[in-house]
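# Close look at the chain arrangement
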Amino acid sequence: MNPPAPTPALRVVARCLHLLIAGLLALAAARALAGEEPGAARVTAAAALTAAVYAAGPLLPRVGRRRLATALWLAALGAAWLLLVAATRDGVWLAFPLYFLQLHLLPRRAGLAAVAATALAAAAGFCLHEGAPAPAALIGPAIGAAVAVATVLGYQALYRESEQRRRLIDELTAARAELAAADHAAGVLAERERLAREIHDTLAQGLSSIQLLLRAAERALPGDVPAAGAHVRQAREAAQDNLAEARRFVRALAPPVLDGVPLAVALERLCTTASARSGPPVHFTLSGDAVALSAPQELALVRIAQSALANAARHGRPGRIEVSLSYMGTEVALDVVDDGAGFDPSALPAGDGGEGGFGLAAMRARMAALGGTLSVESAPGQGTAVAAQLTVTDRLAPAATGGVRP
């Protein structure tokens with residue numbers, strides 16, 4: 001026997017059932033005491049006994065959990081109810097709440113059998129008090145039993161469906177968590193393998209060379225000091241190379257945001273480098289009070305500036321490029337404007353990624369991932385303007401500008 005777990009709706013129904021039984025018992029006793037029924041003392045005693053047996057059910061820990069205890073309690077309650085039915089026909093009305101108790105606490109077959117027996121007992125009690133069989137004596141209990149059976153079975157079906165959906169959702173949630181964990185583990189394993197190859201091909205080989213050179217120097221001493229010195233110098237050079245490789249690893253593993261410098265300083269350096277490499281002068285300006293951005297936001301702005309400068313130098317052949325970083329309260333804007341050949345943005349193929357992943361589609365994807373926007377204005381012969389804008393959701397402390405001036 002596994003009755004549905006007590007949900008909020010089921011608890012409300014249980015309270016209503018308690019009130020209904022208490023009200024019907026009180027009504028039967030009150031009518032008997034008012035003189036409307038003969039044998040008032042017998043009716044009151046039967047009603048009190050039924051109420052006592054019913055009230056004992058929730059207090060008994062095994063009722064509702066053990067089949068035998070539940071069946072015995074329901075049998076005792078049914079016996080007390082039969083005494084009430086024998087004393088007054090008002091007791092017949094308690095058959096309806098008894099249907100719900102039997103269907104809820106007993107297995108389906110036993111519950112249906114108990115309901116049928118209760119309906120027959122109610123019909124017999126009604127006929128007993130009427131003095132003769134009557135159609136209403138059979139129709140009333142039968143309709144009440146049918147309503148109770150339909151209600152309880154419908155609720156149980158909904159409960160089973162709800163439980164099935166809950167289990168399915170739990171399984172899907174667990175599957176998603178396992179898939180995420182597997183993806184994470186695969187990524188960690190792939191990164192470990194890559195680092196292992198890099199370390200083996202660079203640092204490990206360099207350390208082996210240093211070890212061999214120092215051993216050679218050790219063997220040369222004390223007889224051949226010049227040879228030992230040469231081996232030591234070579235070991236020192238290998239150590240310097242390994243130190244450079246180690247620093248490269250640190251830079252690669254650390255967040256690649258600006259090498260620890262403020263965003264404005266990084267953009268100014270980028271403009272200086274682009275001007276020296278590509279030819280056209282690149283001028284950088286800063287406006288507004290700088291605020292600290294998150295690492296992904298700063299990285300996105302630097303990468304977009306790199307992409308826009310590379311595209312301008314490669315395709316636009318400009319005479320001058322202007323890069324500006326503007327802090328406007330909760331908005332941060334990066335503008336890259338050139339006076340080059342320009343182009344028709346609508347003529348670009350959809351999903352253009354450009355060379356090296358620095359195309360307009362890649363720039364838009366970076367900004368969309370951070371909740372920002374990117375717009376491109378251009379026309380043949382009129383230059384190009386790329387504008388990226390981000391929203392600063394949490395105002396942080398003012399960030400250092402690193403001495404950059406407009």
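Residues numbered from 1 in each chain as written. Predicted model: local features only at pLDDT ≥ 70, side-chain atom pairs only at ≥ 80, totals over all residues. Heavy atoms only, no water.

## Describing the overall build of the protein chain
When its secondary structure is counted, the protein chain shows 10 helices and five strands. Taking all 406 residues of the protein chain together, the buried fraction comes to 33%. With the model as given, the accessible surface of the protein chain reaches about 23600 Å², and the carbon-plus-sulfur share is 62%. (Helix = DSSP H or I, 4+ residues; strand = E, 2+ residues; numbered from the N terminus. Buried < 20%, exposed > 50% of the residue type's maximum accessible area, 1.4 Å probe, protein only. Areas by Shrake-Rupley, 256 points an atom, 1.4 Å probe, with all protein chains shown as cover.)

## Points about the confidence of the model for the protein chain
The predicted structure's coordinates, where accompanied by low pLDDT, should not be read in detail. When pLDDT is averaged along the protein chain, the result is 80, and 85% of the positions lie at 70 or above. Per-element mean pLDDT across the protein chain ranges from 78 in helix α7 (residues 225-253) up to 94 in strand β3 (residues 331-338). Here residues 351-358 is modelled with pLDDT under 50, and outside its nearest four sequence neighbours on either side it reaches 14 contacts, counting other chains as well. Note on residues 395-406: pLDDT under 50 across the span, and 27 contacts to partners over four residues away in sequence or across chains. (pLDDT = per-residue confidence, 0-100. Contact = heavy atoms within 4.5 Å.)

## Observations concerning the packing of aromatic side chains
Under the definition given, this model contains three aromatic pairs. Aromatic side chains Tyr-54 and Trp-73 sit 6.1 Å apart centroid to centroid with 35 degrees between the ring planes, which places their arrangement in the tilted category. Of the two residues, Tyr-54 is situated in helix α2 (residues 40-59) and Trp-73 in helix α3 (residues 67-87); the sequence distance between them amounts to 19 residues. As far as burial versus exposure is concerned, Tyr-54 and Trp-73 are alike and both buried. With 6.4 Å between their ring centres and 25 degrees between their planes, Tyr-155 and Tyr-159 make a pair best called stacked. Placement of the pair is Tyr-155 and Tyr-159 together in helix α6 (residues 135-220), with a separation of four residues, close to one helical turn. Given a relative accessible area of 18%, Tyr-159 falls into the buried group. (Phe/Tyr/Trp six-rings, centres within 6.5 Å; stacked < 30°, edge-to-face > 60°.)

## Details of the sheet that holds β3
In space, the five strands of this open sheet follow the order β1-β2-β3-β5-β4, with mixed pairing throughout. The strands lining the two open edges of the sheet, one partner per strand, are β1 (282-287) and β4 (373-378). Between one strand axis and the next, the sheet turns by 10 degrees as a mean value, whatever way the strands run. Relative to strand β5 (residues 384-391), β3 runs antiparallel, the two being bridged by eight bridges. Considered in β5, the bridge of Leu-334 is made with Ala-388. Helix α9 (residues 295-316) rests against β1, β2 (321-328), β3, β4 and β5 of the sheet, and its axis sits at about 10 degrees to β3. Against the sheet, helix α10 (residues 360-369) contacts β4 and β5, and its axis sits at roughly 150 degrees relative to β4. (Pairing = 2+ DSSP bridges. Axes fitted to C-alpha atoms, helices over the stretch in contact; angles between N-to-C directions.)

## Observations regarding α3
Every α-helix carries 3.6 residues per turn, so stepping three or four residues along brings you back to the same face. Given a rise of 1.5 Å per residue, 21 residues ought to cover 30 Å, and the 30 Å separating the end C-alpha atoms of α3 matches this to within 8%. Of the residues making up α3, those classed as buried are Thr-70, Trp-73, Leu-74, Leu-77, Ala-80, Trp-81, Leu-84, Val-85 and Ala-87. When α3 is viewed along its axis, its buried side chains cluster within an angular range of 155 degrees and face the same direction. Away from its buried face by more than 90 degrees, α3 exposes Arg-67, Leu-68 and Leu-72. (Expected span 1.5 Å × (residues − 1). Arc of directions from axis to C-beta.)

## Thoughts on a nonpolar patch on the surface
A cluster of nonpolar side chains, namely Leu-20, Phe-96, Ile-139, Ile-143 and Val-147, defines an oily patch on the protein surface of about 410 Å² accessible area. Mapped onto the secondary structure, Ile-143 falls in helix α6. (Patch = residues over 30% accessible without salt bridge, like charges linked within 9 Å, V, L, I, M, F, W, Y side chains within 5 Å. Salt bridge = Lys/Arg side-chain N within 4 Å of Asp/Glu carboxyl O.)

## Details of the nonpolar core
In summary, soluble globular proteins display a tendency toward joint burial of nonpolar side chains. Counting 38 residues, the largest nonpolar core has Trp-73 and Leu-101 as the members making the most contacts within it. Those elements giving two or more residues to this core turn out to be α1 (8-33), α2, α3, α4 (95-105), α5 (108-130) and α6. When residues in this core are grouped by element, the largest group, eight residues, is from α3. Not counting chain neighbours up to four residues away, the residues in contact with Trp-73 comprise Val-53, Tyr-54, Ala-56, Gly-57, Val-63, Leu-101 and Leu-105. Listed in part, the 35 residues of the second largest apolar core include Leu-293, Ile-321, Val-336 and Met-363. (Core = buried A, V, L, I, M, F, W, Y, C linked by side-chain atoms within 4.5 Å.)

## A closer look at the pattern of salt bridges
Within this structure, the stated rule accounts for five salt bridges. Glu-322 is the salt-bridge partner of Arg-320, the closest N and O atoms lying 2.5 Å from each other. Each of Glu-163, Arg-166 and Asp-170 takes part in one network of salt bridges that share partners.

## Section: the pairing of β2
Of all eight residues that make up β2, six are buried, and the element is covered over most of its length. Pairing of β2 with β3 involves eight bridges; the strand directions are antiparallel. Each residue of the ladder has a partner; that of Val-323, found in β3, is Val-336. With antiparallel pairing between neighbouring strands as the criterion, β2 and β3 make up a hairpin whose turn holds two residues, including Gly-329 at a positive phi of roughly 70 degrees.

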